[in-house]
Amino acid sequence: MLQAQNIHLRALEPEDLEFVYAIENDENIWEVSNTITPYSKYLIKQYLENAHQDIYEAKQLRLAICKNDSSEAIGLIDLFDFDVKNKRAGVGIIIQNEVDRNSGYGKEALGLVVEYAFMQLQLHQLYANIGTENKASLSLFTTFGFENIGIKKDWNFTKNAFQDEGFFQLIKK
C-alpha cells in the first residue's frame, strides 16, 4: 500500500467489481479512456481475477485510490504501456465522483505514483495523453513537472467534433 496524507493506493480486490464496472461503463469518462463500448461484469470480474499479475507480467498496474479512513475506492490510477527496456510508462487517473474531485486526492495519488515509478520501478520517464480541453488534468500533471512536448491535432473524436490531445512527458532528473 502506498500512503499519503489523505489517501492511500492499494491493489484491486474482488470487492471492487461494482466500482470498476461503474467507472468502465460511465459514458461521461469514455473520452478520456478511449472507450467506445460497455464492459460486462463478466469481463471485469476476469480482469480482477488476473489483477494479481505484477507490472512486469501484465505491463500495467491499476491501483485503487482510497481515503485514509476507508478501503472503499474513490478513483483509479494506472501505469500502462510499461516498457522495461526503455524504462517508461504511461500514467492515467480518474476520480469517480465530482464531490471528490478538486479535493487534492488526485494530486496526492499522482505524487505517490510518480515517486513509486521513479524510485521503486527505476523508470526514466512517465508520459500522459491529455485532451487540451481537460483543464483539471492539465493543471494536475503540470504541477508535477510534466511538460507538453507536442499536440496531436484532431486526435480524438468526442462530442461530434475532433479534439486535440497533448502529449506530456516527465523525465526523471
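Report follows, based on the coordinates. A quick note: this is a predicted structure, and the numbers were derived from the prediction, not measured.

### Concerning the packing of aromatic side chains
Point 1. Taken as a whole and assessed by the stated rule, the structure comprises five aromatic pairs.
Point 2. Ring centres of tyrosine 56 and phenylalanine 82 lie 5.1 Å apart, and the angle between their planes is 85°; this geometry places the pair in the edge-to-face category. Here phenylalanine 82 lies in strand E4 (residues 73-83) and tyrosine 56 lies in helix H4 (residues 55-58), a separation of 26 residues in the sequence.
Point 3. What links up through ring pairs into an aromatic cluster is the set Phe80, Tyr127 and Phe167.
Point 4. Positioned above the aromatic ring of tyrosine 21 is the side chain of lysine 41, whose terminal nitrogen or guanidinium carbon lies 5.1 Å from the ring centre.

### Some details on the environment of glycine 150
Point 1. Along the chain, glycine 150 turns up in strand E7 (residues 147-158).
Point 2. According to the relative accessible area criterion, glycine 150 is partly exposed, its value standing at 25%.
Point 3. For the pair glycine 150 and glutamine 96, spaced 54 residues apart in sequence, the C-alpha separation works out to 28 Å.
Point 4. When sequence neighbours within four positions are dropped, the list of residues in contact with glycine 150 reads Glu165, Gly166 and Phe167.

### Some points on a nonpolar patch on the surface
Point 1. The grouping of Tyr39, Tyr42 and Leu43 at the surface amounts to a nonpolar patch, some 330 Å² of accessible area in total.
Point 2. On the basis of relative accessible area, leucine 43 is assigned to the partly exposed category, the value being 45%.

### A word on the packing of helix H5 (residues 105-120) against helix H6 (residues 135-143)
Point 1. Where H5 contacts H6, the axes come no closer than 10 Å and their chain directions differ by 40°. Taken together, the axes of H5 and H6 lie oblique to each other. The element H5 and its partner H6 pack so that their crossing is right-handed. Across the interface between the two elements, Gly106, Lys107 and Leu110 from H5 touch Leu140, Phe141 and Thr143 from H6.
Point 2. Along the lines of polarity and charge, the residues of the contact of H5 with H6 split into three nonpolar, two polar and one charged.

### Overview of the packing of helix H1 (residues 17-24) against helix H3 (residues 41-49)
Point 1. At a closest axis distance of 10 Å, the pairing of H1 and H3 adopts a crossing angle of 120°. By the angle between their directions, the pair H1 and H3 is classed as oblique. Handedness of the crossing formed by H1 with H3: right-handed. For the pair formed by H1 and H3, the contact residues are Leu17, Glu18, Val20, Tyr21 and Glu24 on the first element and Lys41, Ile44, Lys45 and Leu48 on the second.
Point 2. Residue composition of the contact of H1 with H3, grouped by class: five nonpolar, no polar and four charged.

The rules behind these values
- Residues numbered from 1 in each chain as written.
- Predicted model: local features only at pLDDT ≥ 70, side-chain atom pairs only at ≥ 80, totals over all residues.
- Heavy atoms only, no water.
- Phe/Tyr/Trp six-rings, centres within 6.5 Å; stacked < 30°, edge-to-face > 60°.
- Helix = DSSP H or I, 4+ residues; strand = E, 2+ residues; numbered from the N terminus.
- Lys NZ or Arg CZ within 6 Å of the ring centre and 35° of its normal.
- Buried < 20%, exposed > 50% of the residue type's maximum accessible area, 1.4 Å probe, protein only.
- Contact = heavy atoms within 4.5 Å.
- Patch = residues over 30% accessible without salt bridge, like charges linked within 9 Å, V, L, I, M, F, W, Y side chains within 5 Å.
- Areas by Shrake-Rupley, 256 points an atom, 1.4 Å probe, with all protein chains shown as cover.
- Salt bridge = Lys/Arg side-chain N within 4 Å of Asp/Glu carboxyl O.
- Axes fitted to C-alpha atoms, helices over the stretch in contact; angles between N-to-C directions.
- Parallel < 35°, antiparallel > 145°, perpendicular 65-115°, else oblique.
- Left-handed = near helix turned anticlockwise from the far one by under 90°.
- Nonpolar A, V, L, I, M, F, W, Y, C, P; charged D, E, K, R; others polar.

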